[in-house]
Amino acid sequence: MVGDNDNDRRKYVPVIESRIDRDSADFQQDRDAMLAALRPFEALAAAVLEAGGPKSVDRHRGRGKLIARERVDLLLDEDAPFLELSTYAGAHDPESQPGGRLITGIGPINGVECMIVANQPTVKGGSLNPDAVAKQLRAFDIAHRNRLPLVTLVESGGADLPRQADTFAFGGRIFRDISRLSAAGIPTISLVFGSSTAGGAYLPGMSEYTVLVKNAAHVYLGGPPLVKMAINEDIEDEALGGAEMHSRTSGLADYLADDERHAIRLGRQIVGDLGWRKSGPPPSSRADEPIYDRSELLGCAPSDSKRSVEVREILARVLDGSRFDEFKAGYGTQLVTGWGSIAGYPVGVIANNGILFSAEANKGAHFIQLANARDIPLLFVQNITGFMVGSAAEHGGIIKDGAKMINAVSNSTVPHLTLMVGASYGAGNYAMSGRAYDPRFVFTWPNHRIAVMGGPQLGGVMSIIRRAAAQRSGAEYDEAQDARVRAEIEDMIDKQSHAAYATGRQWDDGVIDPRNTRTILGLALSATHSAPVVGATRFAPFRM
Ligand code: COA
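Small disclaimer: the values here were computed from a predicted structure and weren't measured.

1. Considering the overall build of the chain
Okay, step 1: The helix and strand tally for the chain stands at 21 helices and 15 strands.
Okay, step 2: At 25 Å, the chain has a C-alpha radius of gyration in line with the 24 Å of a compact globule built from 544 residues.
Okay, step 3: Over its C-alpha atoms, taken along the principal directions, the chain stretches across nearly 75 × 75 × 50 Å.
Okay, step 4: A total of 544 residues make up the chain; the buried ones form 52% of that total.
Okay, step 5: Look at the contacts in the chain between residues 6 or more apart in sequence, and 75% of them connect residues 24 or more apart.
Okay, step 6: Counting only carbon and sulfur atoms, one obtains 53% of the accessible surface of the chain, whose full area is about 24100 Å².
Okay, step 7: With 58 positive and 65 negative side-chain charges, the chain shows a spacing of 4 Å between the two charge centroids.

Structure representation (structure tokens):
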């Protein structure tokens with residue numbers, strides 16, 4: 001049994017000793033602040049579940065159809081967990097309904113972890129606006145890099161026509177990516193429940209297996225009105241692109257389903273017959289619960305950014321058995337590194353415990369190389385205001401040391417999971433595997449803030465630049481205008497660095513309740529082990 005051997009980590013890895021005082025004023029205040037930060041996401045979650053609103057949902061049901069979420073539920077194994085992704089896509093835009101007009105996520109179908117992408121026909125006909133295109137492409141990217149079979153549940157009006165200028169040129173990548181998944185040996189399956197028109201016809205068109213629902217799926221390059229306009233042909237939906245036609249005449253349909261539930265059963269059957277096996281190693285140690293209460297995570301991030309956070313308190317409530325084999329504990333102490341496991345999968349942890357100096361950057365670069373040498377995934381826990389600035393840091397080589405860490409992160413090939421629990425500012429975001437560094441998954445807590453720098457700092461820098469320019473030209477500096485512009489900039493940066501804005505723009509894969517951190521990281525790690533876990537053997541030359 002896993003863990004019951006001489007190499008059982010429980011026997012030799014120390015347990016983190018928590019020093020949290022639940023009754024302290026700081027803990028209570030931090031906990032209250034976190035609960036308050038969660039509230040807007042509860043409202044967003046309710047808006048996502050509305051799925052376009054009661055009128056649209058009723059009309060859809062009136063046609064005897066299931067809504068997207070019901071289709072996903074029926075497709076998944078009973079009571080199986082579903083790791084929903086980019087749930088609040090579009091939340092930054094008051095004009096758009098949150099959710100990105102799609103449901104995407106990872107869950108087991110006949111025991112096989114699959115990426116599921118479901119159009120939401122009840123939200124603007126399931127047409128694809130820029131949020132939807134970005135969400136779909138992110139899901140395909142995750143499927144590709146983690147080698148997860150892809151199942152698309154199709155019913156969409158295709159490109160959002162009034163927004164075509166924002167989607168057309170890049171949106172075609174959706175069909176390219178399905179083909180590339182398939183060429184990489186990753187199965188692609190399309191279940192078509194309704195409209196799949198124009199470019200959308202290539203969703204089933206590019207898939208390896210297609211299931212079309214009788215008297216519902218309509219797949220054509222041009223619908224009847226376009227056909228009439230283009231070649232003056234009079235033809236009805238069913239005859240032009242119905243499921244029966246495609247299963248008997250064109251050959252686009254591989255399976256003909258009598259109704260939606262039958263299509264979902266066929267989808268499950270196809271996945272079951274794939275004979276798919278995960279290519280990464282299975283869990284290697286006990287997935288025992290942390291010894292501390294996970295609800296205490298609510299009080300583990302400071303509500304006051306001037307107070308530091310002890311990141312080991314977070315690790316103590318996330319890692320299996322709260323066990324942590326800390327590496328280089330006494331050196332570069334503002335970066336915590338070490339070995340642990342989540343859901344039985346080994347992870348190397350790199351966690352901020354303050355600003356990054358040269359020693360921290362060197363330690364990080366070293367540790368990333370070790371994880372790659374051992375083929376062990378990395379968990380980055382970000383709470384970082386950036387690298388140290390100033391003459392002492394510059395003279396000490398902060399750029400070249402930071403460059404080492406960024407080199408290591410850029411070329412590391414083991415899976416990276418990034419968790420943002422507070423600040424994510426400046427190049428610290430990059431060195432700690434921010435979104436631009438292709439982590440397999442990025443999750444954030446609702447309190448997190450992300451920007452090139454804080455609002456007051458950015459406003460102040462811009463003010464110094466304007467003042468110097470005025471001095472050079474001999475013009476008198478308008479202090480009142482300066483104060484106004486600084487306030488505007490601060491306000492703008494504040495809005496744009498909020499977790500809801502960031503997740504709306506899909507800079508991450510989701511905002512999570514801190515209490516669910518361990519479960520979500522466990523599901524994500526399991527998904528990454530669908531692909532082989534292989535460390536890098538080459539990095540760029542490290543600047544010494
Ligand atoms: N772009 C933008 N909005 C679209 C859309 C599209 N491609 N397709 C549908 N919508 C919107 C409708 O304007 C409507 O908006 P509203 O709720 O604000 O009124 C909503 O989605 C529902 O559309 P509706 O036609 O009332 O629903 P339906 O279920 O009867 O039909 C479709 C759905 C998809 C079959 C139908 O809308 C359609 O044929 N759309 C155009 C498809 C097309 O030719 N796309 C070309 C893409 S390249």
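2. A closer look at the site of the ligand
Okay, step 1: Lining the immediate environment of the ligand, one finds 13 residues, of which R59, R63, K124, G157 and A159 sit closest.
Okay, step 2: Between an oxygen atom of the ligand and a side-chain N or O atom of R59, the distance comes to 2.9 Å.
Okay, step 3: With respect to the ligand, the side chain of K124 contributes an N or O atom lying 2.5 Å from an oxygen atom.
Okay, step 4: When the ligand sits alone it has 870 Å² of accessible area, and the protein chains cover 52% of it.
Okay, step 5: Of the residues assigned to the shell around the ligand, the class counts are 4 nonpolar, 5 polar and 4 charged.

3. Concerning the domain arrangement of the chain
By convention, interface size is frequently given as the accessible area that disappears when the constituent parts associate.
Okay, step 1: You can read the domains of the chain as domain 1 (1–27 + 280–450 + 498–544), domain 2 (51–272) and domain 3 (455–496).
Okay, step 2: Domain 1 and domain 3 are separated by 36 Å when their C-alpha centres are compared.

4. Details of the pattern of salt bridges
Should the charged atoms of two oppositely charged side chains come close, the side chains can pair.
Okay, step 1: What the rule picks out here adds up to 31 salt bridges.
Okay, step 2: Put simply, R71 and E260 hold a salt bridge, and the shortest N to O gap is 2.9 Å. Placement of R71 in helix α4 (residues 68–75) and of E260 in helix α12 (residues 260–272) is noted, with a sequence separation of 189 residues between them.
Okay, step 3: By relative accessible area, which is 8% here, E260 ends up buried.
Okay, step 4: The closest approach of N and O atoms between D234 and K228, which form a salt bridge, is 3.3 Å.

5. As for the side chain of R323
Okay, step 1: With respect to the element layout, R323 can be found in the loop between α13 (311–315) and β9 (325–327).
Okay, step 2: With a relative accessible area of 3%, R323 lands in the buried category.
Okay, step 3: With sequence-adjacent residues up to four places away left out, R323 is seen in contact with R9, R10, V13, P14, V15, R286, D288, W339 and G340.

6. Things to note about the side chain of S156
Okay, step 1: When you line up the elements, S156 lands in strand β4 (residues 150–156).
Okay, step 2: Within polar-contact distance, the side chain of S156 engages the backbone nitrogen of G158 at 2.8 Å.
Okay, step 3: Beyond its immediate sequence surroundings of up to four residues, S156 is in contact with N119, G125, G126, S127, L128, S195, S196 and T197.

7. Let's talk about the pairing of strand β11 (residues 345–352)
Okay, step 1: Extensive coverage of β11 is indicated by the burial of 7 of its 8 residues.
Okay, step 2: Where strand β10 (residues 335–342) and β11 come together, 8 bridges link them in antiparallel fashion. From the neighbouring strand, L335 faces β11, where its bridge partner is N352.
Okay, step 3: Here β10 hands over to β11 after 2 residues, with A343 in that stretch at a positive phi of 55°.
Okay, step 4: The β-α-β motif built from β11, the intervening helix α14 (residues 358–374) and the parallel element strand β12 (residues 378–384) has right-handed crossover chirality.

8. Considerations on the pairing of strand β5 (residues 188–197)
Okay, step 1: Of all 10 residues making up β5, 9 are buried, and the element is well covered by its neighbours.
Okay, step 2: Examined bridge by bridge, β4 and β5 share 6 bridges and lie parallel to one another. Among the inter-strand pairings, L153 is bridged to a residue of β5, identified as L191.
Okay, step 3: Relative to strand β6 (residues 209–213), β5 runs parallel, the two being bridged by 4 bridges. The partner of L191 across the bridge, within β6, is V211.
Okay, step 4: The pairing of β5 with strand β7 (residues 218–220) spans 3 bridges and is classified as parallel. The partner of S195 across the bridge, within β7, is H218.

9. Notes on the environment of H448
Okay, step 1: Within the secondary structure, H448 is located in the loop between β14 (441–444) and β15 (449–451).
Okay, step 2: Overall, the relative accessible area of 1% leaves H448 in the buried class.
Okay, step 3: As a C-alpha pair, H448 and G422 span 26 residues in sequence and 4.3 Å in three-dimensional space.
Okay, step 4: Those residues in contact with H448 that sit more than four places away from it in its chain are M420, G422, S497, H498, A499, A502 and D508.

10. Regarding the packing of aromatic side chains
The geometry of an aromatic ring pair is captured by the separation of the ring centres together with the interplanar angle, meaning the angle of the planes.
Okay, step 1: Counted according to the given criterion, the structure contains 8 aromatic pairs.
Okay, step 2: Pairing F41 with Y88 gives two aromatic rings, centres 5.5 Å apart and planes at 50°, and the pair type is tilted. You can see F41 sitting in helix α2 (residues 25–50) and its partner Y88 sitting in the loop between β1 (83–85) and β2 (102–109), a full 47 residues away along the chain.
Okay, step 3: A relative accessible area of 10% places Y88 in the buried class.
Okay, step 4: A centroid spacing of 5.6 Å and a plane angle of 45° characterise the contact between F327 and F367, whose relative ring orientation is tilted. Of the two residues, F327 sits in strand β9 while F367 sits in helix α14, which places them 40 residues apart along the sequence.
Okay, step 5: Through pairs of rings, three or more aromatic residues link up here, namely F327, W339 and F367.
Okay, step 6: The aromatic ring of F193 is capped on one face by R71, whose charged end is 4.2 Å from the ring centroid.
Okay, step 7: The lysine or arginine in question, K328, covers the ring of Y331, its NZ or CZ lying 5.3 Å from the ring centre.

So, how was this worked out
Along each chain, residue indices are assigned from 1 in the same order as the chain's sequence is written. Reporting of local features is limited, given that this is a predicted model, to residues whose pLDDT is at least 70; pairs of side-chain atoms are given and counted only at 80 or more, and all residues count toward the totals for whole chains, interfaces and linings. Heavy atoms from the whole structure form the basis of all side-chain values; hydrogens and water molecules are not counted. Numbering of helices and strands starts at the N terminus; helices are DSSP runs of H or I of at least 4 residues and strands are runs of E of at least 2. For the radius of gyration, the atom set is restricted to C-alpha positions; the globular benchmark scales as 2.2 Å times the number of residues to the power 0.38. Partly exposed residues are those whose accessible area sits between 20% and 50% of the maximum for their type, while under 20% is buried and over 50% is exposed, using a 1.4 Å probe and protein chains only. The contact criterion used is simple: two residues touch if any of their non-hydrogen atoms lie within 4.5 Å. All accessible-area figures derive from a Shrake-Rupley calculation using a 1.4 Å probe, and residue coverage is judged against the displayed protein chains alone. Counting rule for charge: Lys and Arg are taken as positive, Asp and Glu as negative, and neither His nor the chain ends is counted. Charge positions are represented by NZ for Lys, CZ for Arg, CG for Asp and CD for Glu. Near is defined per residue: the residue qualifies when any heavy atom it owns lies within 4 Å of the molecule or strand. Identification of polar contacts relies on pairs of N or O atoms within 3.5 Å, with a donor-acceptor requirement for protein atoms, meaning one able to donate a hydrogen and the other able to accept it, and with residues adjacent in sequence counted only if both atoms are side-chain atoms. For this classification, Asp, Glu, Lys and Arg are treated as charged, while Ala, Val, Leu, Ile, Met, Phe, Trp, Tyr, Cys and Pro are nonpolar and the rest, including Gly, are polar. Note that domain bounds follow an automatic or database assignment of domains. Within this document, salt bridges are pairs made up of a side-chain nitrogen of Lys or Arg and a carboxyl oxygen of Asp or Glu, the two lying within 4 Å of each other. Strands are labelled as partners when DSSP assigns at least two bridges between them. For a crossover, the right-handed case is the one in which the path from the first strand over the helix to the second runs clockwise, viewed with the strands pointing away from the viewer. Any two rings among Phe, Tyr and Trp, with Trp reduced to its six-membered ring, count as a pair given centres within 6.5 Å; such a pair is stacked if its planes are under 30 degrees apart, edge-to-face if over 60, and tilted if neither. Two conditions define a charge located above a ring, namely a distance within 6 Å from the ring centre to NZ of Lys or CZ of Arg, and an angle within 35 degrees of the ring normal.

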